[in-house]
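# A look at the structure
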Amino acid sequence: MASDGEGLLLYSAGFSPFSRRVWMALIEKGVKFEIYEMDIAENQENHTEWYLRNVHPRGRIPVLRHHDMLIRESITILEYLENRFPEAPKLYPQEDTGEYQSVKTILSLIDGEVPDPAIVTFGVARFPEFAENPKISLDKLAVRLEDRRTKDISSLNKHAEEHEDLRAGCESKIAYLQDILKAATDKQTFQQALDKYGWMFSEVEQILATNRESTWLCGDQYTVADICMTCLITHLVGLGLHSRYFGADERPLLSKYYERAIQRDSYVASFKKGGANVFKKK
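Residues numbered from 1 in each chain as written. Predicted model: local features only at pLDDT ≥ 70, side-chain atom pairs only at ≥ 80, totals over all residues. Heavy atoms only, no water.

### Considerations on the packing of aromatic side chains
Evaluated as defined, the whole model comprises 13 aromatic pairs. Pairing Phe 130 with Phe 190 gives two aromatic rings, centres 5.1 Å apart and planes at 90 degrees, and the pair type is edge-to-face. A residue pair is termed long-range when its members are at least 10 positions apart, and Phe 130 in the loop between α5 (117-126) and α6 (138-162) and Phe 190 in helix α8 (residues 187-210) qualify at 60 residues. You'll find Phe 130 and Phe 190 in the same group, each marked buried. (Phe/Tyr/Trp six-rings, centres within 6.5 Å; stacked < 30°, edge-to-face > 60°. Helix = DSSP H or I, 4+ residues; strand = E, 2+ residues; numbered from the N terminus. Buried < 20%, exposed > 50% of the residue type's maximum accessible area, 1.4 Å probe, protein only.)

What follows is the structure, encoded as structure tokens:
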């Protein structure tokens, strides 16, 4: 285990696929780190004055603190870890290779070509008839949706009114939440979002068909593309949407790939809250 990983602290939220990306990458890298598990469901901890001022001005998660440096947004964090710990197991192929371009293509599909996962998350809470055997309580998720409408936006408005230095970040987050809630509570828009994910998974199925001899998405090297895809699919499994996309007759290569991916030690450890000291605010 690399000793110079000390000083790494990840601000995380358990159900967030973006947080889990970073958690898995840290385990893969073998560096020492700690997890600050944020309470965003009950106490909206990411929208407290402390978090907005000291960690992320828009209350986003995850954020990685490395000593006195804050690295925000999951892909930026993954790139930072690769560059900061180059001697650790590599999660990006060499840049001048076809495998590297494949990683970039898959990341652009996941983070650029499909709607924000929050639309799907809150959409299925509003329209539970789309779910089948969810792993989480959709009733509790529906309560969280209502909290977003009231508590989160109210708290952010209050901070914006009382603290001029927080205003821009709060107003940006409010606009984001309003856009997400509008999309998630419109059935047609929600269904279009689900269909877009289906298109993306079909693209990945084709990639797997082209690389049948490879173990992972972009070859025999396990990469950030595998981490991000696994976390996304796991999120959909939790919401009860997996049967919509995967099965023996529906994208079978992607189904088999996911079965391999969830056997990865970093994946298993992240769900057991392994690889780090995990603590919460008291």
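Having seen it, we continue.
### Some words on the nonpolar core
Within the largest apolar cluster, 83 residues are counted, with the highest numbers of intra-cluster contacts made by Phe 201 and Met 229. Sorting elements by how many residues they give to this core places helix α9 (residues 224-239) first, with 11 residues. Not counting residues within four places of it along the chain, the set of residues in contact with Phe 201 comprises Met 229, Leu 232, Ile 233, Leu 236, Tyr 245, Phe 246, Arg 251 and Leu 254. (Core = buried A, V, L, I, M, F, W, Y, C linked by side-chain atoms within 4.5 Å. Contact = heavy atoms within 4.5 Å.)

### Observations concerning the pairing of strand β3 (residues 63-66)
When strand β1 (residues 8-12) meets β3, the two strands line up antiparallel, connected through four bridges. Paired with Leu 10 across the two strands is Leu 64, which belongs to β3. Pairing between β3 and strand β4 (residues 69-72): four bridges, direction antiparallel. Each residue of the ladder has a partner; that of Arg 65, found in β4, is Leu 70. (Pairing = 2+ DSSP bridges.)

### Comments concerning unusual backbone geometry
Residue Pro 62 follows Ile 61 across a cis peptide bond; omega there is 10 degrees. At Asn 133, a residue that is not glycine, the phi angle is positive and equals roughly 55 degrees. A residue is classified by how much of its surface remains accessible, and Asn 133, at 57% relative accessible area, is exposed. Positive phi is not limited to glycine here, since Arg 251 has a value of about 50 degrees. Along the chain, the position of Arg 251 falls in the loop between α10 (242-245) and α11 (252-261).

### Digging into the packing of α8 against α9
Contact geometry of α8 with α9 gives a least axis separation of 13 Å together with a crossing angle of 140 degrees. On the basis of their axis angle, the class for α8 and α9 is oblique. In this structure, α8 crosses over α9, and the sense of that crossing is left-handed. Across the interface between the two elements, Tyr 197, Met 200, Phe 201 and Val 204 from α8 touch Met 229, Leu 232, Ile 233 and Leu 236 from α9. Of the residues in the contact of α8 with α9, the class split is eight nonpolar, no polar and no charged. (Axes fitted to C-alpha atoms, helices over the stretch in contact; angles between N-to-C directions. Parallel < 35°, antiparallel > 145°, perpendicular 65-115°, else oblique. Left-handed = near helix turned anticlockwise from the far one by under 90°. Nonpolar A, V, L, I, M, F, W, Y, C, P; charged D, E, K, R; others polar.)

### Details of empty space enclosed by the protein
The method is simple in principle: a probe with the dimensions of a water molecule rolls over the atoms, and the space it marks as empty is what remains. Evaluated as defined, the whole model comprises one cavity of 30 Å³ or more. Considering only enclosed or pocket space, the largest cavity measures out at about 50 Å³ in volume. Every residue lining the largest cavity is listed: Pro 17, Phe 18, Arg 21, Ile 110, Asp 111, Val 114, Pro 117, Tyr 197, Cys 228 and Leu 232. Those elements giving two or more residues to the lining of the largest cavity turn out to be α1 (17-29), α4 (98-113) and α9. With three residues, the single largest contributor to the lining of the largest cavity is α1. (1 Å grid on protein atoms, 1.4 Å probe; cavity = no way out; pocket = protein on both sides within 12 Å on 5 of 7 lines; lining within 4 Å. Points joined across faces, edges and corners; volume = space filled by probe spheres on them.)

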